[in-house]
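Listed below, chain by chain, are the residues.
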Amino acid sequence: MLNILSAPPLFAGSGVLRARLAQLAAALAAGLPLYWVLGPQPVGWLAWLAPLPVLWLALRSSRRDAAWMTLLASVLGLSSNFSYFRLLMPMPAVLAVIAVKALLWLLVVLATRRLVLRYRAGWTVLAYPVLWVAIDTVMAASLPDGNWGSLAYSQADNLAVLQVAALAGVPGLLFLLCLAPSALALLLAGGRAYAPAAGAAALLLAAAFAGGAWRVHGAPGAGAGGPLAGLAVIDDFIGPATPPARAQAVWDQYARHVAQLAGQGARLVLLPEKIAVLAPAQADAVRQRFQALARHAGVWIILGIGVQDAAGRRNLAWLFAPDGAAPVSYQKHHLAPPERDFLAGSAYAVQPVAGLAMGLAICKDMHFAPLGQAYGAAGARVMLVPAWDFQLDGWMGARMTLVRGVENGYAVLRAAREGRLTVSDAHGRVLAEQASSAMPGSTLLAPLPAALPVATWAGWLGPLFGWLCVALALLFLGMGRRTAPAA
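Scoring rules and cut-offs
Residues numbered from 1 in each chain as written. Predicted model: local features only at pLDDT ≥ 70, side-chain atom pairs only at ≥ 80, totals over all residues. Heavy atoms only, no water. Pairing = 2+ DSSP bridges. Helix = DSSP H or I, 4+ residues; strand = E, 2+ residues; numbered from the N terminus. Axes fitted to C-alpha atoms, helices over the stretch in contact; angles between N-to-C directions. Phe/Tyr/Trp six-rings, centres within 6.5 Å; stacked < 30°, edge-to-face > 60°. Buried < 20%, exposed > 50% of the residue type's maximum accessible area, 1.4 Å probe, protein only. Lys NZ or Arg CZ within 6 Å of the ring centre and 35° of its normal. Contact = heavy atoms within 4.5 Å.

## Some points on the sheet that holds strand E9 (residues 356–360)
Here's step 1: With respect to topology, six strands assemble into an open sheet ordered E8-E9-E10-E11-E12-E13, the strand pairing being mixed. This sheet does not close on itself; its edge strands, each paired only once, are strand E8 (350–353) and strand E13 (430–435). For this sheet the average axis-to-axis angle between neighbouring strands, irrespective of direction, equals 20°.

Written out as structure tokens, the structure is:
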């Protein structure tokens, strides 16, 4: 193996044009794996290896060549979000977001390269994961969309490693995910000098997988024989232009779904977010109808609705009890791009439902770890989440919410229009799942997950680890600015 500092240029020995074409092909090839992991439906297993070609190229090339190849590869990878971003933003904003994300890749890769070439030490294997965790932590704390699409969520279906989220949250999960390609890149580019660091990384990864597998294996049963829950979703939105007869048909179909699921034994029925945005008088008519339906069917009903009055527009979740009492109302905290003119809520709601302490949240609320932590601290054992996705992000929306459950030790029921109906337990096991559909809609009947207390440390250790990485990242960036050998 060649030492990084003494290795000849990767494309030496050929003409300038041939070398540039070879570099271009290499950058495009390095971007292809990123294309399949940086979008809203990432390939989980590939996420462990996708950054490796970019890191290896950067370590084996001059700084200038590493810069443009990294930029090209990252733009290609991030372009997998183009169609999704276009649903939410005008074209200039789409291009700006992709450009900013590509520049973050450039920053992380070039900073990692600088540290590795400057110090030639095994500890530099930490540079790449620490920098990404730092960026992810700052984004989660400061952006209106948080760390949506964080690479960590690509592991939501990998039950063994997902259990790291119960210990150190998304920061811990992302650190492990980035440590693997960092160790491999240093080993491949630098040879046996980096074998101890790579070996230590392999041991840490093996311990994480083994510990996670043990945690899942020792978990109680996944809810078999428990009380039944029903989920019902119709993709059709009741908007201002919806003909009254069509709107009535949608409401009637939801009522039929509730009655049918209750007849099949469901103790509660979860409906999606913002079925309609209504004036107070219309909303009151819906409230009275479903209040009576809950009493008649003897079932809890969770219904998402928008209400527009003189104060503004609010995105609400109503919880109707079988005794016919007035519904508990929860107002969405974190608003999606199409609802920036809605009023944000700040209160939490934990209620005894079907004998269990259940919390209410709406869609994007569950993308934010502090809100998920607040519900865990309030004693919620199950989260009821009406949602509305954008088709392409159905998997991501469901899995980000599932990860909140693992971090805080509670089960999650999520019913999303233009997305998925999902039931998961406190260990992240998906117990039932189905795609939503237009009229007459989709339904799902599943046992409520086991709601025994599940201990987690992520509520305090996750933020602590994330901000520790922010501090280390600042230290690394300062160390990297020292004069380094030409490369």
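## Looking at the packing of aromatic side chains
Here's step 1: Counted under the stated rule, the structure contains 14 aromatic pairs.
Here's step 2: Aromatic side chains tyrosine 119 and tryptophan 123 sit 5.3 Å apart centroid to centroid with 50° between the ring planes, which places their arrangement in the tilted category.
Here's step 3: Using a relative accessible area of 31% as the deciding quantity, one classes tryptophan 123 as partly exposed.
Here's step 4: Between tryptophan 318 and phenylalanine 320, the ring centres sit 6.1 Å apart and the planes meet at 85°, which makes this aromatic pair edge-to-face. Pair check on accessibility: tryptophan 318 and phenylalanine 320 agree, each one buried.
Here's step 5: Sitting over the ring of tyrosine 119, arginine 118 keeps its end group 4.9 Å from the ring centre.
Here's step 6: The side chain of arginine 417 reaches across the aromatic face of tryptophan 388, ending 3.9 Å from its centre.

## As for the environment of alanine 165
Here's step 1: Along the chain, alanine 165 turns up in helix H8 (residues 164–190).
Here's step 2: Between the C-alpha atom of alanine 165 and that of asparagine 408, which follows or precedes it by 243 residues, the distance is 8.9 Å.
Here's step 3: When neighbours within four sequence positions are excluded, alanine 165 is seen to be in contact with Val403, Val406, Glu407 and Ala458.

## Regarding the pairing of strand E5 (residues 312–320)
Here's step 1: Of all nine residues in E5, seven are buried; the element is thus mostly enclosed.
Here's step 2: Bridge count for strand E4 (residues 300–309) against E5 is nine bridges, and the pairing is antiparallel. Note that in E5 the partner of glutamine 308 across the bridge is arginine 313.
Here's step 3: Linking E4 back to E5 in an antiparallel pair, the connection comprises two residues.

All we've got here are geometric facts, nothing functional implied.
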